[in-house]
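Geometric and topological summary
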Amino acid sequence: MGGNHTGTVAEIGAERFWNRLAGGAWQPGRRVYLDVLRLLATVFVVCVHTLELARTQLAPGTVSFQVAEVFHFVFLSCNLLFIMISGALLLPVKGERVGTFFARRFSKVAVPFFVYYILYVCAKEGVGVLAPDYWLTFLKRILSGPPVEAPHFWLIYIILWLYVLTPFLRYLVQNILDGVLAGVVAVLFFVSALDTYLPLLGMDVHLSPVVDSYACVFVLGYFLSGRCTRRAENLMLAGGIASFAVTCYIFFNHGWYDDYVYNTAPTMMLFSAALFVGAKRFAEHKTGGGIVLRLVSRYSFSILLIHWAVLHVVVKDLLHVDVMSGGVVGGCLLMISLTLVLSLIGGMVIDFVLVQPLQRALEACVRWRKR
């Protein structure tokens, strides 16, 4: 009896530990497909930066380079997936006060952003930059854009500004009919196509400030998460497959394509939307996930923030792992695996040591001010 009792206690303790590590037990009704998309986007963001290292060692025009370009296109969908996931999570929420939104939700991305920004800068310039005399200068640096130590932070800035716009976008999208919203999404794709492809005809419609805004992708994630019909989902799937086929053709037959397939070009938006719908249908009946899915989903934002340093400093410089080790495929897989594992571990440590205490302190201050 004693042995069984000890085993039961150990099992309960282990379960509690993993639940705490993974952010608690998943509640009924959780949209598991969003966790699947987080996992996919997190793996893709590490893959795309690893592949960018490999592309520098492949000769342009060769089959190897062209195949790498195809995978680069696939992996680069991570940027849109992260933004679409945010739109799917934030825009459907109703009745939340603006102040509550910024105190509870905006802080969830702002606090980790500030922590990692400071860590990146201090790692290169030393802790002297945190002296009170430099606070104003440091604040200006943060407001001016991504640091040279972390160029991938451009995506974090976009996400932060979309969070700022969320209370206003909620009001807009929640107060229009489903059919009208579908029409808006169709217009966004059409105008994006004009902005992307008219320059090929020597024309410029000057729509970039509107169309190139990732707010369109943000709204698209909200639309696909619950406001679109099955027919619209099928169209997205077909459009994503067609976009991938067209992109492969362009990569293998033309040498100029950066402005016409990436970012918010229709090809990338349709391909990302197809991945979103595919994950949604794949996990539509799932109510839980394994430990890998739960951990990566829980710490996806931390991995997004830290992976650049892990890839370029820890894996490449300290461990001396190269993308050509054992061939380009073997080298890339090794770098991707090491970067993902070490980024997950590093993200968990920084989250427990720095991010969570700061977030709890901020929440305590908010509660104190409400008294």
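Residues numbered from 1 in each chain as written. Predicted model: local features only at pLDDT ≥ 70, side-chain atom pairs only at ≥ 80, totals over all residues. Heavy atoms only, no water.

Observations concerning the pattern of salt bridges
Evaluated as defined, the whole model comprises 13 salt bridges. Residues Asp35 and Arg38 are paired through a salt bridge, measuring 2.9 Å at the closest nitrogen-oxygen approach. Residue Asp35 and its partner Arg38 are located together in helix H2 (residues 32-55), separated by 3 residues, close to a single helical turn. Residue classification places Arg38 among the buried residues on the basis of a relative accessible area of 16%. Across the salt bridge formed by Glu284 and Arg230, the nearest N and O atoms sit 4.0 Å from each other. (Salt bridge = Lys/Arg side-chain N within 4 Å of Asp/Glu carboxyl O. Helix = DSSP H or I, 4+ residues; strand = E, 2+ residues; numbered from the N terminus. Buried < 20%, exposed > 50% of the residue type's maximum accessible area, 1.4 Å probe, protein only.)

Looking at unusual backbone geometry
One non-glycine residue, Asn263, lies in positive phi territory at about 55°. Within the secondary structure, Asn263 sits in the loop between helix H12 (258-261) and helix H13 (266-282). Taking relative accessible area as the criterion, Asn263 reaches 42% and is therefore assigned partly exposed. In this structure, His320 takes a positive phi of about 60° despite not being glycine. For His320, the position within the fold is in the loop between helix H15 (300-318) and helix H16 (327-370). The exposed category is assigned to His320, whose relative accessible area is 64%.

As for the packing of aromatic side chains
The geometry of an aromatic ring pair is captured by two quantities: the separation of the ring centres and the angle between the planes. A complete count under the given rule lists 20 aromatic pairs for this structure. When the centroid spacing of 6.0 Å and the interplanar angle of 25° are considered together, the rings of Phe244 and Phe271 count as stacked. Residue Phe244 is found in helix H11 (residues 230-253), and its partner Phe271 is found in helix H13; the two are separated by 27 residues along the sequence. Looking at Phe271, the relative accessible area reads 9%, which means it is buried. Three or more aromatic residues link up through ring pairs in this structure, and these residues are Phe113, Phe114, Tyr117, Tyr120, Phe138, Phe153 and Tyr157. It is Lys286 that lies over the ring of Phe282; its NZ or CZ is 5.1 Å from the centre. Across the ring face of Tyr299, the terminal group of Arg298 is positioned such that the distance to the ring centre comes to 4.7 Å. (Phe/Tyr/Trp six-rings, centres within 6.5 Å; stacked < 30°, edge-to-face > 60°. Lys NZ or Arg CZ within 6 Å of the ring centre and 35° of its normal.)

Focus: helix H5 (residues 98-125)
Ser107 marks where H5 bends most, by close to 55°. Just beyond H5, the residue with positive phi is Gly126, at close to 90°. (Bend = angle between axes of the 7 residues up to and from the residue.)

Describing the confidence of the model for the chain
Confidence along the chain averages 87 in pLDDT terms, with 89% of residues attaining 70 or more. Ignoring residues within four places in sequence, the model shows residues 1-5, a span with pLDDT below 50, making 0 contacts including any to other chains. (pLDDT = per-residue confidence, 0-100. Contact = heavy atoms within 4.5 Å.)

Description of a nonpolar patch on the surface
Where nonpolar side chains cluster on the molecular surface, the patch consists of Leu119, Val341, Ile345, Val349, Val353 and Leu354 and spans about 470 Å² of accessible area. The topology assignment puts Val341 in helix H16. Look at Val341 and you get partly exposed, because its relative accessible area is 47%. (Patch = residues over 30% accessible without salt bridge, like charges linked within 9 Å, V, L, I, M, F, W, Y side chains within 5 Å. Areas by Shrake-Rupley, 256 points an atom, 1.4 Å probe, with all protein chains shown as cover.)

Side note on the environment of Leu40
In this fold, Leu40 is placed in helix H2. Residues Leu40 and Ser77 lie 37 residues apart in sequence; the distance between their C-alpha atoms is 9.7 Å. Ignoring anything within four residues of it in the chain, the contact list for Leu40 reads Leu81 and Leu275.

Notes on the layout of surface pockets
Its boundaries defined by the atoms lining it, the second largest pocket holds a volume of some 320 Å³. Lining the second largest pocket are 15 residues, with Leu51, Phe71, Val328, Val329 and Cys332 positioned closest to its centre. Residue contributions to the lining of the second largest pocket peak at 6 residues, all from H16. Taken together, the residues that form the lining of the second largest pocket break down as 13 nonpolar, 2 polar and no charged. (1 Å grid on protein atoms, 1.4 Å probe; cavity = no way out; pocket = protein on both sides within 12 Å on 5 of 7 lines; lining within 4 Å. Points joined across faces, edges and corners; volume = space filled by probe spheres on them. Nonpolar A, V, L, I, M, F, W, Y, C, P; charged D, E, K, R; others polar.)

Details of the nonpolar core
Membership of the largest hydrophobic core comes to 103 residues, with the highest contact counts inside it found for Phe153, Leu220, Phe223, Leu224 and Met236. Examining the composition of this core, we find that 14 residues originate from one element, H2, more than from any other. Setting aside chain neighbours within four positions, we find Leu220 in contact with Met84, Val185, Phe189, Met236, Met269 and Ala273. Counting 6 residues, the second-largest nonpolar core is a separate cluster that includes Val296, Ile303, Leu344 and Met348. (Core = buried A, V, L, I, M, F, W, Y, C linked by side-chain atoms within 4.5 Å.)

Description of the packing of helix H10 (residues 215-227) against H11
Packing of H10 against H11 leaves a shortest axis separation of 9 Å and a crossing angle of 125°. Classified by the angle their axes make, H10 and H11 are oblique. You can see that H10 and H11 cross each other, and the crossing is left-handed. Contacts from Leu220, Phe223 and Leu224 in H10 reach Ala232, Glu233 and Met236 in H11. Taken together, the residues of the contact of H10 with H11 break down into 5 nonpolar, no polar and 1 charged. (Axes fitted to C-alpha atoms, helices over the stretch in contact; angles between N-to-C directions. Parallel < 35°, antiparallel > 145°, perpendicular 65-115°, else oblique. Left-handed = near helix turned anticlockwise from the far one by under 90°.)

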